[in-house]
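# Overview (structure and organization)
Residue-level listing of the chains:
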Amino acid sequence: MKKRKLLALFLAAMMLVALLTACVGEAPQTGLGTPAAQPGSQPAQPAPPPSPPAEDPADDPMDEPEPEPEPPTERLIIDQLGREVVVPYVVTSIATAHNPSQSMAAAIGGVDVVATGRGGNSIFDLIAPHIADLPTVTGGGGAGAFNLEVLGELLPDVFIFPSGRYDTTVPYMDMFDIPAVAIHPQCVDSILETVEILGAVFNRQEHAAAVAEAFQGHINVVAERLVGAEHTPTAVVLGNSVSSVHSNGQLQAEIIVMAGAENVAADVEGRSHVDVGLEQMLAWDPEYIFITAWGGAISVDEVLAEERFAHLQAIQNGNVFRFPSPNDWWDTASICSGLAVMWAAHIMHPDLISDEELETAVLEFYYLLYGMEISREFLGF
Amino acid sequence: MKQADKRKLPYPLLMIILAGILFALMFVAFFLGQYQLSPTQVVNILLSRIFPIEPTWGPVAEVILFQIRLPRIAAAILIGAALATAGATYQGIFRNPMVSPDFLGVSSGASIGAALAIILNLSFNMVQLFAFVFGIVAVLITTSIPKMLRNSSTTILILSGIVVSGIFSSIMSIIRYVADPDTALPAIVFWQMGSLSGVRYGEVMAVSLPMIISLIALIGISWWINVMSLGETQSALVGVDFKLYRCIAIVASTMLAVLSVAIAGTIGWVGIAMPHLSRMLVGVDNRKLIPACCLTGAIFMLIVDTVARNLTRAEIPLGVLTGLIGAPFFIALIYKQRARIE
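Fair warning: this is a prediction, and the values are worked out from it, not measured in the lab. (Residues numbered from 1 in each chain as written. Chains lettered and ligands numbered in written order. Predicted model: local features only at pLDDT ≥ 70, side-chain atom pairs only at ≥ 80, totals over all residues. Heavy atoms only, no water.)

### Side note on the overall build of chain A
- Helix and strand counts for chain A come out as 14 helices and 11 strands.
- Looking at chain A as a whole, 50% of its 381 residues qualify as buried.
- Expressed as a percentage of contacts within chain A between residues at least 6 apart in sequence, the contacts between residues at least 24 apart total 62%.
- For chain A, the exposed surface amounts to about 18800 Å²; the carbon and sulfur share of it is 56%. (Helix = DSSP H or I, 4+ residues; strand = E, 2+ residues; numbered from the N terminus. Buried < 20%, exposed > 50% of the residue type's maximum accessible area, 1.4 Å probe, protein only. Contact = heavy atoms within 4.5 Å. Areas by Shrake-Rupley, 256 points an atom, 1.4 Å probe, with all protein chains shown as cover.)

Quick look at the structure:
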């Protein structure tokens, strides 16, 4: 009994020591010597311009020229959450843990500004192979996990993140005083807004305007041609299984409607793809079945071979297609979503959008984005 | 004891009633679904397989009934019976009323297999195969630990199950951590919640024979499970080879559990709640309990699956409904039996 009491006292003492050590220890300093900002706080105000040198009454103002004003070092932009963010006047490096953000940043700011890598098939394998060797700041698991040491080493000029990850991103960026710009390219309108914001971030407003104009042009030409369309086919976009569909509000659903289809899953609500069951697919009997570009576990051949779908119009007519491109998903949060609209319109209304017109629009757009010719074979459309 | 027995229905009558309820629910389940079919059409289509009836329906209607609803109804019945029976067996041999069919790590192992297959972008059939293989591997590891320790007591087996489940859960966490949050992770999460959405006739046929054999085996050794529930020492005194029959029970129960998880994902509460409900109906004698679990589990799972595919436009994961229905139901059962538990 005496031994047990001694042991209990010893354990209690150890716990007390550990508790005191934790409480008394100093708060970690940030890398730049400034106190860590609280989440949701406004970023630092722009630095005041340097004060002009004091005038000496003995100087003759006619003898010496006026000192040239200091070039601006920062710019204030408004991100897609409405936050005021101060970014360096010249942005030379950006980091992100979100593939669509990286794609859009590279398209507007140029591939040279990208400071973080990415994995998997992507257009960067062709246009910027070095990106695969760059460090990644994600700690894994996508949302909210950062490798802070890599982030601290990189110290990018700007960190670009999807607006839904505000709470798990901004506090870490504040630790390193890295300006964090939120984007929200989830629908056609917000993609245009994202392009404008990124143009402001990189001070490439003209290029961004040209990209936005081309993007809008892809959609407008389809809208104009659809005025004369005789038939509005029914269509659906599958998610990661033959009975899973993209819900209303998803960009994929918006694309097929803009391309002149009636989305049979228009009343299916959800944040992503939703399993509606095989019976519902049979009840809908869509004329066209699209598979999202990333595809998940299903392929066009698998859908065509699904015996329970044998009586669907889409299966009988062979109208099952996967969105381009295997190397640059057009149907997700992408500047190429306008091309997805043109492509889907060409599939469903080949008399309104010809293959030649589609090819020309695609190749010209990629040249506008990256300044190099990218083949149709690589893009796979 | 005799007074308590008087309050219960006679066992044969009870089993007939349960079977009747199951049959009626099967019939009702045929009529319900997102695709609109009139009751007359349903009856005619079903009877057309036996009698020569002039078809007044399209080919899609037959696909709906025989390739979608029928496999799904059959799968729900098999899985419900399997999980409830496996749960009752485990509760008997481990002498613990809180034990579930995934106690030895089946669900954890199967989840890892399925997650790996999803990350590797393999087909749905491969997802099921991976789930099956990894579920078996998990149980093999669990049952190997007592052999390595040269101590095959029930306590060590229980601890092994806890350890292996914990390790596999950690591995699963790693897989979810590295999975793409926009593509693989939602697929893994949805699989883990359980669904019979895409079950095929071939899959049901593939699992039905081993499941039925396992169920028959467990019914066959139900008397020995009664003895085993007294403990190892008592079993030896009665002359029962405790290790042999425990091995048979574990193999059969594991087969039921892993096949269920492979085709439907992880579904909780069936293996815990239904044995308790069955005990309320028929008592603790496993010779009556295990067959009753087959029926009560099948009824419960059929109700849950029918609700899952009809309540909303989107399919509700089975694990969500079994939890929402099973957990309060289980609390009610505990409340009703609180005096006995105390």
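After that view of the structure, there is still more to cover.
### Examining the interface of chain B and chain A
- Every contact between the two is made by 32 residues of chain B and, on the other side, 30 residues of chain A.
- Around 2500 Å² of area is buried between chain B and chain A when both sides are counted, 54% of it from carbon and sulfur atoms.
- The largest per-residue losses of area from chain B upon contact with chain A belong to Tyr 177, Arg 200 and Arg 313 of chain B, which jointly make up 24% of the total buried on that side.
- There are 12 residue pairs in polar contact (both at pLDDT 80 or more) connecting chain B and chain A.
- The set of elements that each furnish at least two residues to the side of chain B that touches chain A consists of α4 (59–93), α7 (154–178) and α8 (184–193) of chain B.
- Ranked by residues supplied to the side of chain B that touches chain A, first place goes to α4 of chain B with seven residues. (Buried area = accessible area lost by both parts, 1.4 Å probe. Polar contact = N/O pair within 3.5 Å; in protein donor to acceptor, adjacent residues only side chain to side chain.)

### Comments concerning the pattern of salt bridges
- Evaluated as defined, the whole model comprises 14 salt bridges over all chains.
- A salt bridge links Asp 267 of chain A to Arg 313 of chain B, with the nearest nitrogen and oxygen atoms 3.0 Å apart. One end of the pair, Asp 267 of chain A, is in the loop between β8 (262–263) and β9 (273–275); the other, Arg 313 of chain B, is in the loop between α14 (286–310) and α15 (318–336), on a second chain.
- Residue classification places Asp 267 of chain A among the partly exposed positions, given a relative accessible area of 45%.
- For Arg 313 of chain B, a relative accessible area of 30% corresponds to the partly exposed category.
- Put simply, Arg 69 of chain B and Glu 279 of chain A hold a salt bridge, and the shortest N to O gap is 2.7 Å. Note that Arg 69 of chain B is positioned in helix α4 and Glu 279 of chain A in helix α9 (residues 278–284), a pairing that runs across two chains. (Salt bridge = Lys/Arg side-chain N within 4 Å of Asp/Glu carboxyl O.)

### Concerning the sheet that holds strand β3 (residues 94–95) of chain A
Residues and elements named next belong to chain A.
- Read across the open sheet, the three strands follow the order β3-β4-β5; overall the sheet is parallel. Each edge of the open sheet is held by one strand with a lone partner, namely β3 and β5 (180–183).
- Two strands pair when backbone bridges link them, and β3 and strand β4 (residues 158–162) are joined in this way by two bridges, in the parallel orientation. The partner of Ala 95 across the bridge, within β4, is Phe 159.
- Against the sheet, helix α2 (residues 99–109) touches β3, β4 and β5, its axis set at about 130° to β4. (Pairing = 2+ DSSP bridges. Axes fitted to C-alpha atoms, helices over the stretch in contact; angles between N-to-C directions.)

### A closer look at the side chain of Ser 111 of chain B
- Mapped onto the elements, Ser 111 of chain B comes out in helix α5 (residues 106–119).
- Each residue touching Ser 111 of chain B, except ones within four places of it in the same chain, is listed here: Met 172, Trp 191, Gln 192 and Thr 266 of chain B.

### Focus: the confidence of the model for chain A
- Scored by pLDDT, chain A comes out at a mean of 83, with 84% of its residues at no less than 70.
- This stretch, residues 25–58 of chain A, has a pLDDT under 50; its non-local contacts, to residues over four places away or in other chains, come to 22 contacts. (pLDDT = per-residue confidence, 0-100.)

### Brief notes about the packing of α4 of chain B against α14 of chain B
All names here are of chain B.
- α14 packs onto α4 with a crossing angle of 140° between their chain directions and a minimal axis gap of 7 Å. On the basis of the axis angle, α4 is oblique to α14. Judged by the sense of rotation from one axis to the other, the crossing of α4 with α14 is right-handed. Judged by residue contacts, Arg 69, Arg 72, Ile 73, Ala 76, Ile 77, Ile 79, Gly 80, Ala 81, Ala 84, Thr 85, Ala 88 and Thr 89 of α4 engage Asn 286, Leu 289, Ile 290, Cys 293, Cys 294, Gly 297, Ala 298, Met 301, Leu 302, Asp 305 and Arg 309 from α14.
- The class makeup of the residues in the contact of α4 with α14 is 14 nonpolar, five polar and four charged. (Parallel < 35°, antiparallel > 145°, perpendicular 65-115°, else oblique. Left-handed = near helix turned anticlockwise from the far one by under 90°. Nonpolar A, V, L, I, M, F, W, Y, C, P; charged D, E, K, R; others polar.)

### Observations regarding α5 of chain B
Residue and element names in this part refer to chain B.
- Taking 1.5 Å per residue as the helical rise, α5 with its 14 residues ought to reach 20 Å, and the 20 Å between its terminal C-alpha atoms agrees with that figure.
- In terms of burial, α5 is largely enclosed, as 12 of its 14 residues are buried.
- In the core, the buried residues of α5 are packed alongside α6 (124–149), α7, α8 and α12 (242–264).
- One or two positions beyond α5, positive phi appears at Asn 121, with a value near 60°. (Expected span 1.5 Å × (residues − 1).)

### Things to note about the packing of aromatic side chains
- Enumeration over the complete set of coordinates arrives at 13 aromatic pairs over all chains.
- With 5.8 Å between their ring centres and 65° between their planes, Phe 290 of chain A and Trp 343 of chain A make a pair best called edge-to-face. One end of the pair, Phe 290 of chain A, is in strand β10 (residues 288–291); the other, Trp 343 of chain A, is in helix α12 (residues 337–348), with 53 residues separating them in the sequence. By the burial criterion, Phe 290 of chain A is buried, and Trp 343 of chain A matches it.
- Sitting over the ring of Tyr 89 of chain A, Arg 75 of chain A keeps its end group 5.4 Å from the ring centre.
- The residue whose ring lies beneath Arg 49 of chain B is Phe 66 of chain B, and the NZ or CZ to ring-centre distance is 3.9 Å. (Phe/Tyr/Trp six-rings, centres within 6.5 Å; stacked < 30°, edge-to-face > 60°. Lys NZ or Arg CZ within 6 Å of the ring centre and 35° of its normal.)

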